[in-house]
Structure formats: C-alpha cells, structure tokens
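# Descriptive analysis of the structure
In case you want the letters, here they are:
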Amino acid sequence: MPFVTSAALEKTYDVIVVGSGAAGGQSAYTLSMEGAKVLMLEAGRKYVPETETPMFQTPDQGPLRGASTPDKRFGFYDATVDGGWDVPGEPYVRATHDAAGRFDWWRARMLGGRTNHWGRISLRNGPYDFKVHSRDGLGFDWPLSYADLAPYYDKVELLVGVYGSNDGLENTPPSAPGCLLPPPKPIVSDLLIAQRARRLGIPVIAGHRAVLTRQLDFRTSPARLHPGNPTAQGIIAADMQRRAACIWATPCGRGCSIRANYQSTTVHLPPALASGNLDIVTDAMVHEITLGKRGLASGVNFIDRTNGKECHAAARVVVLAASSCETVRILLNSKSARFPSGLANSSGKVGRYLMDTVGSSLAGQVPLLESLPPLNEDGASESHVYTPWWLYQEQLAGKLGFARGYHIEFGGGKRMPGLGTLAGIEWLTAGSYGKKFKEDARRYYGSFVSFDGRGEMIPNKGSYCEIDPKVKDKFGIPVLRFHWKWSEHETRQAAHMQNTFKEIIEAMGGRVNGPVEADGAKAIQAGGSIIHEVGGAIMGRKAKTSVTNRWGQTWDVRNVFLTDGAVFPSNADKNPTLTIMALAWRAADHILDLMRRREL
Amino acid sequence: MDRRTTIKWMLAASASMPFLQQRAAGVEATMVTPQARGYGTDPDLTKVYHAGDLWPLILTPAQRRTASALCDVIIPSDSVSRSASAAGVVDFLAEWVSAPYPIQVKDRALILDGLVWMNFEAMRRFGRDFAALKLTQQHLICDDICCEQNAKPAFAQAAQFFARYRDLTAGGYYSSAAGRKDLQYIGNVPLKSFDGPPLALLQKLGLGPEQVQAIEG
C-alpha cells in the first residue's frame, strides 16, 4: 500500500487519519505498524525531503539572499512549501482589527505539515503541567497524569531520536534510561550565558531536540517500541539504519535529506509505508466527517485538489490530526440533524480555549565575544542548551504576579552570515563605512546573543474560533473566525522575560540592543506567531465540559478520535510537539485495543 | 506602468543653490514598477538562482554606476578581501529593488531616490556626479549622512537612505563567498563529530572545564 490517488481508494479502511504531521504521522505509524489498514489524507502536496531539501545552499544561491518574503515567511530555504500565516485562496477572519486581539494562523499545506520546518525542540510536560488547576486554581487539569504519558514519551524519544540530558530539575522530568541521545557540546556563547545566568540563579542545561547526535539504537529499541511484534521490529530496525546521524551543518529548518532530524516525512511515514498497511492520498482537502448508522462516523468527505472533485473515503474509525484549528474547523463544518452545531459538539466546547505560547525576545552584544578566532559553530543548528522554568516555588507563593512559567532559548555563535548578520549595527559603530566598517564587521561578527522566551498561556473564554457565517475558501469550505485575548498572566510574564533577558545580557558584560519593554502588552508577540496553537477541542473528565475523553475519543461519537494539539487542556511552556506525538501514540494504542475487542 | 517621482527631500539639502533647485524640479527619477510576480509558495529550493532570473532588473546603467560607487565606498577592497561591487553586490541590489514584494517595493523608492540624491549632492558640492568623485570627496558627502543619530536635519532623509543602503550592501556582501571568507566563516561543511570550542579559548574567556562539565554532566 503506497501513495495512491483519490480514484484508487480501497472500499473501506480500518482507520482514516486526516493530516500527516506530528499527530497524523504518529497515529498512522502506530496503527499501521500494529496491523491496522490506514488511509492518510493530506491537504497539501507530496513532499520528498531526500530530493527537495536545500542542504548546503548558501544565501547567495537563492533569490534575495534567502530573505523572508510573503511567499516564504521563514526565508527562501525554509522547508515549508505552500504554507504560512497567509495561504493563497485559504483565508480566515479576525473578529477584531485591534492589535491586542490579533491571531495569525499558520498552515503548512504539504506532506509532513509543519514537522518539516519546526525547531525540533522536544520537551516533556512535567507532572505539574497535567494538574495545573489543582496546583494554582486556574485553567483545567488534564484527565491523565504524567505517569500515564511517561511511557509514551519514552517510546517517542526512542523512535524519533531526541538529544538531551536528565538534570533532575523541578517539573522537568527525566527520560527512562537509554531514551535520550547525548546532547551536542555547547558553543562559546552558550557557556558564557550559562556561567553568567547561574550567577543570577538561573539554570542552564542541555537542550532537548529531535536530532540524531548518533545513530539510533536499532538493536535494542525496536523491541521496546513494538513488544511482541517481530514484523514491526524488523521494519523499524531496518529504517533506523537508513537514518544518518547529524553532520553538524545546514539548518534543521530547511529539513534534512539524510533524515538526521525528526520530520514526519523522514521518520514516521517510511516505516509506516513499509508495513504495507498505509495508503496516502495527498492534495486531499478534508472538510467533513460523514455520519452513518447508530450515530457513528462512516468516513470523511474531501476535495481532490488535483481535479476539484468531491470524494468520500470510508472507515471504521476517523482520526483527526489536521492541526488544532483545522481539526476544529472540520468538526464545526460537519453538521447534521444529530449535530446541528458541529460534530461532537454537544458540549458547545468545540473551538473554545484556543491557546498559543507566550513569546518575547531581546538581543544584545557582548564585548567578550568580539574578535574570536574562526570557529565552526553550526552544530545541531540551535538550542544546544536552554533554561527551563526555574521559579516554580516563588510563583506558587504568589511573588511574581503571573501564574505560569516560561523557558528560554538562546541564539548566538558564528552562524553562516546572511542578510541580517551585520545589518543595523550603527548603534555599535557610530555609522562607520569603508575600511573601518569591514574591521567592525570582523570584530562584531559572532558577538551577538539573542533570547527567546516561550511561556505558558492560560486558556480563557476570549480566545476561541468559530465558523464565519459568510466567508468561504477557494474550495467553498466555510472558514474560521478567530477571537483572541491575552490575560495579565501572559502580559506580565512577557514583561518578566524582558527583564530577565536584560539581566543576563548585562551579567555577560553586554549591551542590550534596543529598548527593554516594561509594558507586557507591548512585549508579547501576537497570538499564533509562535505557532504553538493548541486547544479548541479539549479533553476532560466530563462530556459536558470537554470534547474528548483522556484517549482523545470524542464523547459524542465514539469512533472519532482527535490526536493533535486540539485536545490540550493547557499549554505548558514546553513546546507541544513531543506531547502531541506521545498522546497520538497512546490514542492509537487505545484504538487498536478497542478494535481488537470489537468495540469499534 | 511608469511611476514618476519628484525628489522632494533632495531639495532640502540644495536649498541654498537656486539653480540646482530648478534642476531638481525638472528632474524626475524614472521608476518602473515591474509587473513581475514573486517566485510563489512552492519554488524549487535546490537550484541556483541569479539576479534577473525571476523578475526583470530595473536599474539603468547610470543607476548601476552610482550604486556601484556607493557600494564600494561602504565596502572597499582591502588587504583581506575584495570590494562589494567585485563580489557581485550591485547585481544583488538590482535584484532587490526590482523585486515585487512589499519590503523591496518600499526599498525601491528609498534607494532610487537616494541614488539621485547622491548625484545631486555630488554636483552641488563638486560639480560632478558621485561615481566621478575622488574618494576623499565621496567621503565628505558620506560623513554627513553615515550616522542617522548625528545627521543634521537637512540630511535626515539622506541618512535614512544611507543606513538602509549600508545594511543591504553589507547583507549582500557578507552573504556572498567573499564575505564568508572575510569573516572567516568555516561552517557549512559536513563533520564527523562536533567537538565544541577549544579549551584554550574557553580558558582565555574565563570559561574553564567546570563550565563545560556543569552542562555536559
């Protein structure tokens, strides 16, 4: 079973998986490796990282030195194709023009979705993160605990390959032995940040990213991943040997043709296809779940983008993994007499409690890092080290004025020079030009550091999406309308980030570039800009107040499962991708279990 | 479609020279707004692109001459590396100001106006266009506009142009092979292992083995 066209579908499948990114990839992987017949539907085109990735291209080989443009928002060489916050022909609506209510919706219409370009930062939620309401009275507890998900975090790390270390810090849980790959060595600026931050009481530890710092353990991991399933073990053992370790060059955001980092297209889909149990149709824009007998889903309707035809695919189970907001959109557009306000929406909670990550940044220049000798600091391309949230106790004691934490990602080093590397340095050079400018460039290159805060947003009633009553996309599918609101928990956190970054820069003997924003409402980046949007169909303990149970199974329709970020009841500062994959694996195990017991 | 722009901000600096005012009023920069489209959301990422491949280049030979002279005042050749124009930066600038995207369209107006201003200022002070001036004369003009913070009000817009032009020149230069070599960038090559910085360097920076140990465990 391979890539097929919409005309060549099987009559029916065990499971339809809508979406091919972290959630869709993991869902399809687990299900097909364990014997289920799976159809994956992806709205974008087929994408082949092995041949399409610009691995060693230099900026001068691309248009505009690789600058960001409306066509390629993260620069020409970013892996994303047919994606961005604005996708031609696929509009969405903002309920307000007010800047504070702005939400931007990133889509990546391609096989593998945004996993092709993401930052590969792979952090586990900690025990507190699943019980946030119990801890501070805000937001919602998850209907599962860290202990429930820990074995799946282990499995995902073993499968995709994550570097990091177990540091024993609060709410920053360790992985089981053998799960993590060794972290890469810190670069000079990492070590200077670590030394100076520690003087301020701020920890700096190894980063966690989905990059193979050495080959995966193909001898022992397969048995841990697929106990009792020698076929699956054989497939994944063979595939692990086909993935090369990192060659310490070319940015991960371009994708990786040697499969040294995680993207769904290089890690989940090849073994899933090799199982013979997966069909993939690309250019398949799913817009509706169809209802069959006894109130169960019978399949999905989709538009074949290659010919504009409306198609139907049938299955025993439907898994939505289309990205949080697209999953919500499909549910809300699946209207019937039984579900007049959208499928699985008897609670009225579909679209509610949308969250992104709080983002704020500051950069500086450090004299100690000037005029260093030549160094190759490409490394694993980012985040060899990071700072996990460190003020849990002060926060719980009410000393900070905001309820949830953030982690810090660092930038620095002698990166491949690009358009911006020596732009805007007039504040350091007093406007030099000529030979003096060239000397200044040599002096300052590699002496810049940057700090990105990534913090938890608490779900609120003002952040949600719904179907716009008028606007449709180019396929005629009704589009989403977004409402967005930050609370003071987020804006104060953003202001705290700014001050922390300033203190670290100054502790390094450096100078901050530009103003340190004390007004959190100005320091915070717009909703959706960090591209960690989750929620919209949260899981919970009760059908009245949530959309799914702890397995991602919708309360209303028991053969519909949501395995992407839509089910998150909270959005810890930890980047969501690893948790999405762990939840998807767990949901897929449950689906398999129910199918074996003939309950689906 | 042709767009004609009168260089109003240029008049501020030539206010004391009535005949130049007259000339300025009569001279309009011819700006072609290209009908070109961008490369779209799904371009081939692996092929090598050259200026002019994707959209026509709008700089005239005269504009290129001024652009080239100004590039080389900003990044001249020295004992280490070649000049900006020798590294192909003028082609990059031509590609940039000809591109159909919003940032580049905005830069197009600023830069084409700025190039006109450079020639007017050169004429006003020295009676020749900018590219024909001696280096010392070019510096006398650039000294007045090279730092936005210190520029006199009459030069404010010229200084804004210069800051942007320097950023683009530096961006074009340091993202080229000549610039990478100048900065001694040695990455973008496959390595068997990533060994981190040499200990001697770390010790010099006060970052002894205990720092490395603290992170690596």
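As a starting point, this report considers the structure included with it. (Residues numbered from 1 in each chain as written. Chains lettered and ligands numbered in written order. Predicted model: local features only at pLDDT ≥ 70, side-chain atom pairs only at ≥ 80, totals over all residues.)

## A look at the overall build of chain A
In terms of regular secondary structure, chain A is built from 17 helices and 22 strands. What you see for chain A is a C-alpha radius of gyration of 23 Å, in line with the 25 Å of a compact globule of 600 residues. Projected onto the principal axes, the alpha-carbon positions of chain A cover approximately 75 × 50 × 45 Å. Taking all 600 residues of chain A together, the buried fraction comes to 60%. (Helix = DSSP H or I, 4+ residues; strand = E, 2+ residues; numbered from the N terminus. Rg over C-alpha atoms; globule rule 2.2 N^0.38 Å. Buried ≥ 20, exposed ≤ 12 C-beta atoms within 10 Å, placed from the backbone.)

## Structural notes on the overall build of chain B
The helix and strand tally for chain B stands at ten helices and two strands. Taken from the N to the C terminus, the helices and strands of chain B come in the order β-α-α-β-α-α-α-α-α-α-α-α. The buried share of chain B, taken over its 217 residues, is 39%. The long-range share in chain B, meaning contacts at least 24 apart out of those at least 6 apart in sequence, stands at 61%. (Contact = placed C-beta atoms within 7 Å.)

## As for the nonpolar core
Residues and elements named next belong to chain A. If you look at the biggest cluster of nonpolar residues, it comprises 163 residues, and the most contacted ones within it are Val15, Ile16, Val18 and Leu41. Considering every element that reaches this core, the biggest residue donor is helix α17 (residues 577-596), with ten residues. With residues up to four places along the chain from it excluded, the contact list for isoleucine 16 reads Leu39, Leu41, Gly299, Val300, Ala313, Ala315, Val318 and Val319. (Core = buried A, V, L, I, M, F, W, Y, C linked by C-beta atoms within 7 Å.)

## As for the packing of helix α5 (residues 102-126) of chain B against helix α7 (residues 156-174) of chain B
Residues and elements named next belong to chain B. Put simply, α5 and α7 touch, their axes get as near as 9 Å, and they point 115 degrees apart. Looking at the two axes, α5 sits roughly perpendicular to α7. The two elements α5 and α7 meet at a crossing, and its hand is left-handed. In this structure, α5 contributes Asp107, Leu110, Ile111, Gly114 and Trp117 to the contact, and α7 contributes Ala158, Phe161, Arg164 and Tyr165. Across the contact of α5 with α7, the residue classes break down as six nonpolar, one polar and two charged. (Axes fitted to C-alpha atoms, helices over the stretch in contact; angles between N-to-C directions. Parallel < 35°, antiparallel > 145°, perpendicular 65-115°, else oblique. Left-handed = near helix turned anticlockwise from the far one by under 90°. Nonpolar A, V, L, I, M, F, W, Y, C, P; charged D, E, K, R; others polar.)

## Some remarks on the interface of chain B and chain A
On the side of chain A, 65 residues touch chain B, which itself brings 59 residues to the contact. Elements with a minimum of two residues in the side of chain B that touches chain A: α3 (61-74), α4 (89-98), α7, α8 (177-182), α9 (199-204) and α10 (209-216) of chain B. It is α7 of chain B that contributes the most residues to the side of chain B that touches chain A, seven residues altogether. Grouping the amino acids of the side of chain B that touches chain A by side-chain chemistry returns 35 nonpolar, 15 polar and nine charged.

## Some points on the sheet that holds strand β4 (residues 93-94) of chain A
Neighbouring strands of a sheet are bound in pairs by backbone hydrogen bonds; such pairs are parallel or else antiparallel. Residues and elements named next belong to chain A. The three strands lie next to each other as β4-β19-β18, forming an open sheet whose pairing is mixed. The strands lining the two open edges of the sheet, one partner per strand, are β4 and β18 (464-472). Bridge analysis of β18 against strand β19 (residues 478-483) gives five bridges, and the strand direction is antiparallel. When the bridges of β19 are listed, glutamate 466 appears paired with arginine 481. Where helix α11 (residues 324-333) meets the sheet, it contacts β18 and β19, and its direction lies at approximately 60 degrees from that of β18. (Pairing = 2+ DSSP bridges.)

## So, the sheet that holds strand β8 (residues 205-206) of chain A
Residues and elements named next belong to chain A. Taken in spatial order, the six strands of this open sheet run β8-β15-β16-β17-β14-β20, and their pairing is antiparallel. Only two strands of the sheet have a single partner each, and these edge strands are β8 and β20 (511-512). Both strand β14 (residues 358-365) and strand β17 (residues 448-455) contribute to a ladder of eight bridges, which runs antiparallel. The residue of β17 that forms the bridge with glutamine 365 is phenylalanine 448. Here helix α15 (residues 488-507) sits on the sheet in contact with β14, β16 (406-411), β17 and β20, set at roughly 20 degrees to β14.

## A short note on the environment of arginine 180 of chain B
Along the chain, arginine 180 of chain B falls in helix α8. A tally of 21 C-beta atoms within 10 Å means that arginine 180 of chain B is categorised as buried. Counting along the chain gives 81 residues from arginine 180 of chain B to alanine 99 of chain B, while the straight-line C-alpha distance between them is 25 Å. Residues contacting arginine 180 of chain B, with those up to four places away along its chain left out, are Pro417 of chain A together with Tyr185 of chain B.

## Here's the deal with the pairing of β17 of chain A
Residues and elements named next belong to chain A. The buried fraction of β17 amounts to seven of the eight residues, a majority that puts the element mostly inside the structure. Summarising the sheet, β16 and β17 pair through six bridges and their orientation is antiparallel. Its bridge partner lying in β17, isoleucine 408 is registered against glycine 453.

## Regarding unusual backbone geometry
Most of the time, phi is negative for any residue but glycine, and the peptide bond is trans. Residues and elements named next belong to chain A. At asparagine 171, a residue that is not glycine, the phi angle is positive and equals roughly 55 degrees. Tracing the sequence through the fold places asparagine 171 in the loop between β6 (162-163) and β7 (180-181). For asparagine 171, a count of 20 C-beta atoms within 10 Å corresponds to the buried category. Despite not being glycine, threonine 250 has its phi angle at roughly 65 degrees, a positive value. Locating threonine 250 in the fold gives a position in the loop between α8 (230-242) and α9 (264-267). You can call threonine 250 buried: it has 26 C-beta atoms within 10 Å.

## Concerning helix α1 (residues 22-33) of chain A
Since the α-helix advances by 3.6 residues per turn, residues separated by three or four positions end up pointing in the same direction. Residues and elements named next belong to chain A. The terminal C-alpha atoms of α1, which comprises twelve residues, lie 16 Å apart, in line with the 16 Å expected from a rise of 1.5 Å per residue. For α1, the tally of buried residues reaches twelve of twelve residues, placing the bulk of the element in the interior. Here α1 has its buried residues at Ala22, Ala23, Gly24, Gly25, Gln26, Ser27, Ala28, Tyr29, Thr30, Leu31, Ser32 and Met33. The first or second residue beyond α1 is glycine 35, which carries a positive phi of 105 degrees. (Expected span 1.5 Å × (residues − 1).)

## Re the environment of asparagine 333 of chain A
All names here are of chain A. With respect to the helices and strands, asparagine 333 occurs in helix α11. Sequence separation between asparagine 333 and isoleucine 289 is 44 residues, and the spatial gap between their C-alpha atoms is 8.4 Å. The residues touching asparagine 333, leaving out its near neighbours within four places in the chain, are His287, Glu288, Ile467, Ile477 and Pro478.

## Section: helix α5 (residues 146-160) of chain A
All names here are of chain A. Counted at 1.5 Å a residue, the expected span for α5 with its 15 residues is 21 Å, and the 20 Å between its end C-alpha atoms agrees. The inward-facing, buried residues of α5 contact β6, β7, α7 (221-225), α9 and α17. Taken from the residues just after α5, glycine 161 is the one with a positive phi, measuring 90 degrees.

## Some points on the packing of α3 of chain B against α4 of chain B
Residues and elements named next belong to chain B. Contact geometry of α3 with α4 gives a least axis separation of 10 Å together with a crossing angle of 125 degrees. Between α3 and α4, the crossing angle belongs to the class labelled oblique. The handedness of the crossing between α3 and α4 is right-handed. Where α3 abuts α4, its residues Arg64, Ala67, Ser68 and Cys71 lie against Val89, Val90, Leu93 and Ala94. When its residues are assigned to classes, the contact of α3 with α4 shows six nonpolar, one polar and one charged.

Fair warning: the whole summary comes from geometry, so function is off the table for now.
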